[in-house]
There are 2 protein chains.
Amino acid sequence: MVDRTQAPASLEGRLHRCAINTATLGFRMPIERTIEAVARAGFGGIGPWRRELEGQSTAAVARHVRDSGLRVTGYCRSTYLPAMDQTARAAAIDDNRRAIDDAATLGAACFVMVVGALPEGSRDLAAARHQVEEGTATLLDHARKAGVRLALEPLHPMYAADRSCLNTIDQALDLAAALEPAPGDLPDLGVVIDAYHVWWDPRLGEALVRGGCDRRLVGFHVSDWLVPTRDLLTDRGMMGDGVIDLLKLRGLIERAGYAGFVEVEIFSDRTWWRRPVDDVLATTADRLQSRC
Amino acid sequence: MVDRTQAPASLEGRLHRCAINTATLGFRMPIERTIEAVARAGFGGIGPWRRELEGQSTAAVARHVRDSGLRVTGYCRSTYLPAMDQTARAAAIDDNRRAIDDAATLGAACFVMVVGALPEGSRDLAAARHQVEEGTATLLDHARKAGVRLALEPLHPMYAADRSCLNTIDQALDLAAALEPAPGDLPDLGVVIDAYHVWWDPRLGEALVRGGCDRRLVGFHVSDWLVPTRDLLTDRGMMGDGVIDLLKLRGLIERAGYAGFVEVEIFSDRTWWRRPVDDVLATTADRLQSRC
């Protein structure tokens, strides 16, 4: 076991290094108002979702974000890659190419890849993983041309059936190394680490000090694991309300070489999506500075 | 990736190699009636829980099982080992010692170790894992004297907070190797593999062919992962109703050296615990022979 218990530097007074993933606010407002609320609350970054840009001018949203003084930490997220037939897989690739182009327009630090899992009717996890590898290889070419970094996000194993067959940091780093064996200082294929998805992993400490991991890390998401957890998807907790040692985890990730934003992403149907947006942002700001 | 896709021999006509973990029946009947129902349905083994033996003579239950022609595959399960203070940890050890003695009386093939996780108020997963190692080492001495094999059961990572901080086959094998570095042909410390807990693991194939894994495998539990899963604990599916490729998984495990019972363990508040016991047993028998 790797012993790395030293606490990282406090985030107090450093909200400019923190970001809000818009899922945290429950998609209750148009993106313009969300951008303004996030900037007003003092955060330095925002991670928008594609659904919020539908019917909008991506260039106008990009300008609005820039004018508000915010950085786009990541653009969420990829259309799932595995599918039962070649036509559906090709459609997913096309869809993702367009989203990558939008990520470029937004100036996003990365395009977040939630890769998908078993297509309906399939039990073949190995095949799904193979399709993810093929699809990511194809998108990597496009992303390079567009000047966008792809960021593989391993999801908690409880999503292995229906959301992501990429389930550990090791697996994401292995895939990145297979598709981009000799990355430069800024790899085109990176990894986003979300505390909620990886906190349980007995290989967490080891995975984060693997060779080359330092350059792959392009994002760090936080929330908390509630006990009990009442829903597999929408019952994440506010930092400090659950059992994840977020301070220790941030220490591990920063010592592994990550120096980017700490981004809050909370899916919370029963609590935070029901509270006023400004309250959520105020609590988030407080918890980032005291519990992360 | 290890390629081991060959299907195993069918379980058709081999219910004598199959067992019912009594949790599958929802603990709705006294253990005597459960034993009779399981034997009558043609199964060869039963995996009872401690709660069913409370207030009973363990020796009488053991005799009843034997007279019914059943084997006890495993006795479920350990009291959680991690706790906030030394007194509580010692109490858990004492409790487990008594349960191991009962497992010996029952002639159980193993005592199933669900090791526990974060004590209330703790965020220190490393400490919990350390306490599991210490507690298991202590119990191993007692189990040897009692003539009972301990079986570490890694649980799905979604239980890492409140039920088990042992979450992968690799981690279970590492712990077994650390506590029993030079096992004989029948190690005192084995591993139980439950399809529900491990099916997602990208290292599954590799873990099962690790050196010494063949001798450590003392149990194989089956159920299925439903999509969607509505509850983290009590929404397991009947084999064939979910997405786990159980035939492939049994092939992997048997090629890894396991030749024991296939034990059905389904926690299903919304479906199977509401159906008549004999119907559940009939469906289980059918699915074992056609879908596993």
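Values in this document were obtained by computation on a predicted structure and should not be read as measured data.

## Looking at the environment of B:Val72
Residues and elements named next belong to chain B. Of note, Val 72 is situated in strand S3 (residues 71-72). Here the alpha-carbon distance between Val 72 and Gly 116, two residues 44 residues apart in the chain, equals 23 Å. Not counting residues up to four positions away in its chain, the partners in contact with Val 72 are Ile 46, Pro 48, Val 65, Leu 106, Gly 107, Ala 108 and Ala 109.

## Focus: helix H10 (residues 277-291) of chain A
All names here are of chain A. Here H10 contains 15 residues, and its C-alpha end-to-end distance of 20 Å stays within 8% of the 21 Å for a straight helix at 1.5 Å per residue. By the burial criterion, the buried members of H10 are Val 277, Val 280, Leu 281, Thr 283, Thr 284, Ala 285, Arg 287 and Leu 288. On its buried side, H10 packs onto strand S1 (18-21), helix H1 (31-40), strand S8 (217-222) and strand S9 (262-264).

## Points about the pairing of strand S7 (residues 189-194) of chain A
Here is the key point about a regular strand: its side chains alternate between the two faces of the sheet. All names here are of chain A. For S7, the buried fraction is high: six of the six residues fall into the buried class. Of the two faces of S7, the one lined by Leu 189, Val 191 and Ile 193 and the one lined by Gly 190, Val 192 and Asp 194 are each fully buried. Of the strand pairs in this sheet, strand S6 (residues 150-152) and S7 are connected by three bridges, and their pairing is parallel. Directly across from Leu 150, in S7, lies its bridge partner Leu 189. As paired elements, S7 and S8 share four bridges and run parallel to each other.

## Brief notes about the sheet that holds strand S3 (residues 71-72) of chain A
Residue and element names in this part refer to chain A. The strand order across the open sheet built from nine strands is S3-S2-S1-S9-S8-S7-S6-S5-S4, with neighbouring strands paired in parallel fashion. The open sheet terminates on both sides in strands that have one partner only, identified here as S3 and strand S4 (75-76). Sheet topology note: the S8/S9 ladder contains three bridges and is parallel. From the neighbouring strand, His 221 faces S9, where its bridge partner is Glu 263. The sheet strands contacting helix H9 (residues 246-255) are S7, S8 and S9, and the helix crosses S8 at an angle near 175 degrees.

## A word on the interface of chain A and chain B
Across the contact, 33 residues belong to chain A and 33 residues belong to chain B. Overall, the association of chain A and chain B removes approximately 2,500 Å² of surface from exposure, summing both partners, and the carbon and sulfur fraction of that is 68%. The largest per-residue losses of area from chain A upon contact with chain B belong to A:Arg123, A:Trp200 and A:Leu232, which jointly make up 25% of the total buried on that side. Between chain A and chain B we count six residue pairs in polar contact (both at pLDDT 80 or more) in total. If one sorts the elements of the side of chain A that touches chain B by residue count, helix H4 (residues 125-146) of chain A sits on top with three residues. Looking at side-chain class alone, the side of chain A that touches chain B contains 16 nonpolar, eight polar and nine charged residues.

Conventions we followed
Residues numbered from 1 in each chain as written. Chains lettered and ligands numbered in written order. Predicted model: local features only at pLDDT ≥ 70, side-chain atom pairs only at ≥ 80, totals over all residues. Heavy atoms only, no water. Helix = DSSP H or I, 4+ residues; strand = E, 2+ residues; numbered from the N terminus. Contact = heavy atoms within 4.5 Å. Expected span 1.5 Å × (residues − 1). Buried < 20%, exposed > 50% of the residue type's maximum accessible area, 1.4 Å probe, protein only. Pairing = 2+ DSSP bridges. Axes fitted to C-alpha atoms, helices over the stretch in contact; angles between N-to-C directions. Buried area = accessible area lost by both parts, 1.4 Å probe. Polar contact = N/O pair within 3.5 Å; in protein donor to acceptor, adjacent residues only side chain to side chain. Nonpolar A, V, L, I, M, F, W, Y, C, P; charged D, E, K, R; others polar.

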